[in-house]
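Single-letter residue listing:
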Number of protein chains: 2
Amino acid sequence: MRFSVQVDVSLREGVADPQGATIERSLPHLGFDGVTGVRVGKQIVFELDSTDEDAARSEVDDLCARFLTNPVIETARVTLSAVEGASR
Amino acid sequence: MRFSVQVDVSLREGVADPQGATIERSLPHLGFDGVTGVRVGKQIVFELDSTDEDAARSEVDDLCARFLTNPVIETARVTLSAVEGASR
């Protein structure tokens, strides 16, 4: 089965986010007020061939922990959905 | 009113994604097979004070076009929700 996978990687709460802080500091100069708590993360999307949903989810979790995120400072949220008409 | 805003910035289809290509090329060496079409984007979350939802949405669209994305090569998907108990 083929799955469409989206991994949202964000910094853990309390971890400094210089990129977000820079955006937040710049916005008032550009005329945007009232924006607070800016945090910047990564979004990784891909397609995955796997036997079933459980296997796919476990493979993605492993992938996140070992390669896509730094578990010390980042967390990942995984969204997984089967792609229709693409079984094999 | 206070809104919680999530902006997903992704490269337009057809635009080269070297970061995604590098991830895709590395995965088989790490034992992950069957991963294709890797695309990497940014996810920006923040809180916004605005008068109502329409004003907030229009401000975020403007912010995306002028500051958070490069509209030539990127698109933005905005998710906006009111934060409960934070009206002013």
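Everything here concerns the structure above.
Structural notes, computed from the coordinates.

So, how was this worked out
- Residues numbered from 1 in each chain as written.
- Chains lettered and ligands numbered in written order.
- Predicted model: local features only at pLDDT ≥ 70, side-chain atom pairs only at ≥ 80, totals over all residues.
- Heavy atoms only, no water.
- Contact = heavy atoms within 4.5 Å.
- Buried area = accessible area lost by both parts, 1.4 Å probe.
- Salt bridge = Lys/Arg side-chain N within 4 Å of Asp/Glu carboxyl O.
- Polar contact = N/O pair within 3.5 Å; in protein donor to acceptor, adjacent residues only side chain to side chain.
- Helix = DSSP H or I, 4+ residues; strand = E, 2+ residues; numbered from the N terminus.
- Nonpolar A, V, L, I, M, F, W, Y, C, P; charged D, E, K, R; others polar.
- Pairing = 2+ DSSP bridges.
- Expected span 1.5 Å × (residues − 1).
- Buried < 20%, exposed > 50% of the residue type's maximum accessible area, 1.4 Å probe, protein only.
- Arc of directions from axis to C-beta.

Thoughts on the interface of chain A and chain B
Moving on, step 1. Chain A puts 33 residues into the contact, and the matching count from chain B is 32 residues.
Moving on, step 2. Here chain A and chain B share an interface that buries about 2600 Å² over both sides, 59% of which is from carbon and sulfur atoms.
Moving on, step 3. Taken as a group, F32, Q43 and F67 of chain A account for 23% of the area that chain A buries against chain B, more than any other trio of residues on that side.
Moving on, step 4. Taken together, the connections running from chain A to chain B amount to 0 salt bridges.
Moving on, step 5. Linking chain A with chain B are 10 residue pairs in polar contact (both at pLDDT 80 or more), by the criterion used here.
Moving on, step 6. The set of elements that each furnish at least two residues to the side of chain A that touches chain B consists of strand 1 (2–11), helix 1 (18–26), strand 2 (35–49) and helix 2 (53–68) of chain A.
Moving on, step 7. Of the residues forming the side of chain A that touches chain B, the biggest block, 15 residues, is contributed by strand 2 of chain A.
Moving on, step 8. Of the residues belonging to the side of chain A that touches chain B, the class tally is 14 nonpolar, 8 polar and 11 charged.
Moving on, step 9. With 11 bridges joining them, strand 2 of chain A and strand 2 (residues 35–49) of chain B adopt antiparallel strand pairing. By the bridge assignment, Q43 of chain A is partnered in strand 2 of chain B with G41 of chain B.

Here's the deal with helix 2 of chain A
Moving on, step 1. With 16 residues, helix 2 of chain A should reach 22 Å at 1.5 Å per residue; the first-to-last C-alpha distance of 20 Å falls well below that figure.
Moving on, step 2. Of the residues making up helix 2 of chain A, those classed as buried are A56, E59, V60, L63, C64 and L68 of chain A. Mapping the buried residues of helix 2 of chain A onto a view down its axis gives an arc of 140 degrees, with all of them on the same face. Turned more than 90 degrees away from the buried face of helix 2 of chain A sit D54 and R66 of chain A, all of them exposed.
Moving on, step 3. In this fold, the buried residues of helix 2 of chain A make contact with strand 1, strand 2 and strand 3 (74–82) of chain A together with helix 1 (18–26) of chain B.
Moving on, step 4. For helix 2 of chain A, the N-terminal cap is D52 of chain A; the gap from its side-chain oxygen to the backbone nitrogen of D54 of chain A is 3.2 Å.

Here's the deal with the side chain of T69 of chain B
Residues and elements named next belong to chain B.
Moving on, step 1. By the element assignment, T69 lies in the loop between helix 2 (53–68) and strand 3 (74–82).
Moving on, step 2. A polar contact of 2.8 Å, which involves the side chain of T69, links it to the backbone oxygen of C64.
Moving on, step 3. Discounting chain neighbours no more than four positions away, the residues touching T69 are V9, C64, E74 and A76.

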